[in-house]
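So you can see what is in the structure, the chains are spelled out below.
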Amino acid sequence: EDQVTQSPEALRLQEGESSSLNCSYTVSGLRGLFWYRQDPGKGPEFLFTLYSAGEEKEKERLKATLTKKESFLHITAPKPEDSATYLCAVVMTTDSWGKLQFGAGTQVVVTP
Amino acid sequence: DTGVSQDPRHKITKRGQNVTFRCDPISEHNRLYWYRQTLGQGPEFLTYFQNEAQLEKSRLLSDRFSAERPKGSFSTLEIQRTEQGDSAMYLCATSNTGGRGRGTGELFFGEGSRLTVL
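Calculation rules
- Residues numbered from 1 in each chain as written.
- Chains lettered and ligands numbered in written order.
- Predicted model: local features only at pLDDT ≥ 70, side-chain atom pairs only at ≥ 80, totals over all residues.
- Heavy atoms only, no water.
- Disulfide = S-S within 2.5 Å.
- Helix = DSSP H or I, 4+ residues; strand = E, 2+ residues; numbered from the N terminus.
- Contact = heavy atoms within 4.5 Å.
- Buried area = accessible area lost by both parts, 1.4 Å probe.
- Salt bridge = Lys/Arg side-chain N within 4 Å of Asp/Glu carboxyl O.
- Polar contact = N/O pair within 3.5 Å; in protein donor to acceptor, adjacent residues only side chain to side chain.
- Nonpolar A, V, L, I, M, F, W, Y, C, P; charged D, E, K, R; others polar.
- Pairing = 2+ DSSP bridges.
- Axes fitted to C-alpha atoms, helices over the stretch in contact; angles between N-to-C directions.
- Buried < 20%, exposed > 50% of the residue type's maximum accessible area, 1.4 Å probe, protein only.
- Phe/Tyr/Trp six-rings, centres within 6.5 Å; stacked < 30°, edge-to-face > 60°.
- Lys NZ or Arg CZ within 6 Å of the ring centre and 35° of its normal.

## Here we look at the state of the cysteines
Residue and element names in this part refer to chain A. Counted according to the given criterion, the structure contains two disulfides over all chains. Through a disulfide, Cys-23 is tied to Cys-88; the S-S separation comes to 2.0 Å. In this structure the cystine formed by Cys-23 and Cys-88 twists about its S-S bond by roughly -60°; its chirality is therefore left-handed. With a gap of 65 residues between them, Cys-23 in strand β3 (residues 19-26) and Cys-88 in strand β9 (residues 84-92) connect regions that are remote in the sequence.

Here is the structure:
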């Protein structure tokens, strides 16, 4: 069965304390893996797309990496404004680009 | 504001009533998606349109759910005879296929319509 599993479920960080979020996936064929950020009461906001193992993408304090079985989202020296739920999603080769299969997310809280 | 707009933002209804949600997409986007999200979970795909054609529906979309996108512009999602299990955030998202060979998976989400069924 195709699955997307994120860990940990929740993460509390001090400002400046770097950490990583994990997204493991078991799908029959991966078309792309995506990271989104979601603030409370809002819709998800696109961060990155990764297409193949070994690929990396960066944006400000965030860096996403991809292997054949998992992806990591590294948060370097986080600030309180990085507090959000981070969602990982995959699209399978048999599906169209917009049909995302999401994990349950990791809720990140960054305290000053 | 040129983002995806959803209305209403909140809807409280009694079990058995019908509700309708509207989504206005980013104007140049030809694909429109509906997702459902319950508390503590990621969004789940419901259905999508390319222009006015509904191309796919999830098994999650029971016969009580119907979606339309007349003229390929705004879309509506109607739930008939609501049940307490329908309580969720209903998210609309849009994208532009752009004619490129490789998509990006970048969906632009609206802020959602939260449904509470009493």
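Text resumes after the structure shown.
## Quick word on the interface of chain A and chain B
Each partner contributes to the interface: chain A provides 19 residues, whereas chain B provides 23 residues. Taken together, the two surfaces of chain A and chain B that pack against each other cover about 1700 Å², and 53% of this comes from carbon and sulfur. Inspection of the region where chain A meets chain B yields two salt bridges. In this structure, Lys-99 of chain A engages Glu-56 of chain B in a salt bridge whose closest nitrogen and oxygen atoms are separated by 2.4 Å. At the junction of chain A with chain B, the criterion picks out seven residue pairs in polar contact (both at pLDDT 80 or more). Of all the secondary structure elements, the ones that give two or more residues to the side of chain A that touches chain B are β4 (30-38) and β5 (45-50) of chain A. With three residues, the single largest contributor to the side of chain A that touches chain B is β4 of chain A. A class-by-class count of the residues in the side of chain A that touches chain B yields 10 nonpolar, seven polar and two charged.

## What about the sheet that holds strand β8 (residues 75-79) of chain B?
Residue and element names in this part refer to chain B. With respect to topology, four strands assemble into an open sheet ordered β1-β3-β8-β7, the strand pairing being antiparallel. Looking along the sheet, the strands with just one partner apiece sit at the ends: β1 (5-7) and β7 (65-68). Taken pair by pair, the neighbouring strands of this sheet meet at an average axis angle of 15°, ignoring direction. Note that strand β3 (residues 19-24) and β8 share five bridges and pair antiparallel. Residue pairing in the sheet places Arg-22 in a bridge with Thr-76 of β8.

## Observations concerning the pairing of strand β11 (residues 113-117) of chain B
Residues and elements named next belong to chain B. Burial of the side chains of β11 is restricted to one face: Ser-113, Leu-115 and Val-117 are buried, whereas none of Arg-114 and Thr-116 on the reverse face is. In this sheet, β11 lies alongside strand β9 (residues 88-95) in antiparallel orientation, the contact comprising three bridges. From the neighbouring strand, Tyr-90 faces β11, where its bridge partner is Ser-113.

## Regarding the packing of aromatic side chains
Under the defined criterion, the tally for this structure stands at 13 aromatic pairs over all chains. Ring centres of Phe-102 of chain A and Phe-109 of chain B lie 6.4 Å apart, and the angle between their planes is 70°; on these two criteria the pair is classed as edge-to-face. On the criterion of chain membership, the pair formed by Phe-102 of chain A in strand β10 (residues 101-102) and Phe-109 of chain B in strand β10 (residues 108-109) is interchain, its members lying in two chains. Exposure class is identical for Phe-102 of chain A and Phe-109 of chain B. Each is buried. Here the aromatic rings of Phe-65 of chain B and Tyr-90 of chain B are separated by 6.5 Å at their centres, their planes lie at 40°, and the arrangement is tilted. You can see Phe-65 of chain B sitting in strand β7 and its partner Tyr-90 of chain B sitting in strand β9, a full 25 residues away along the chain. Using a relative accessible area of 8% as the deciding quantity, one classes Phe-65 of chain B as buried. The residue whose ring lies beneath Arg-22 of chain B is Phe-74 of chain B, and the NZ or CZ to ring-centre distance is 3.9 Å.

These figures capture arrangement, not role.
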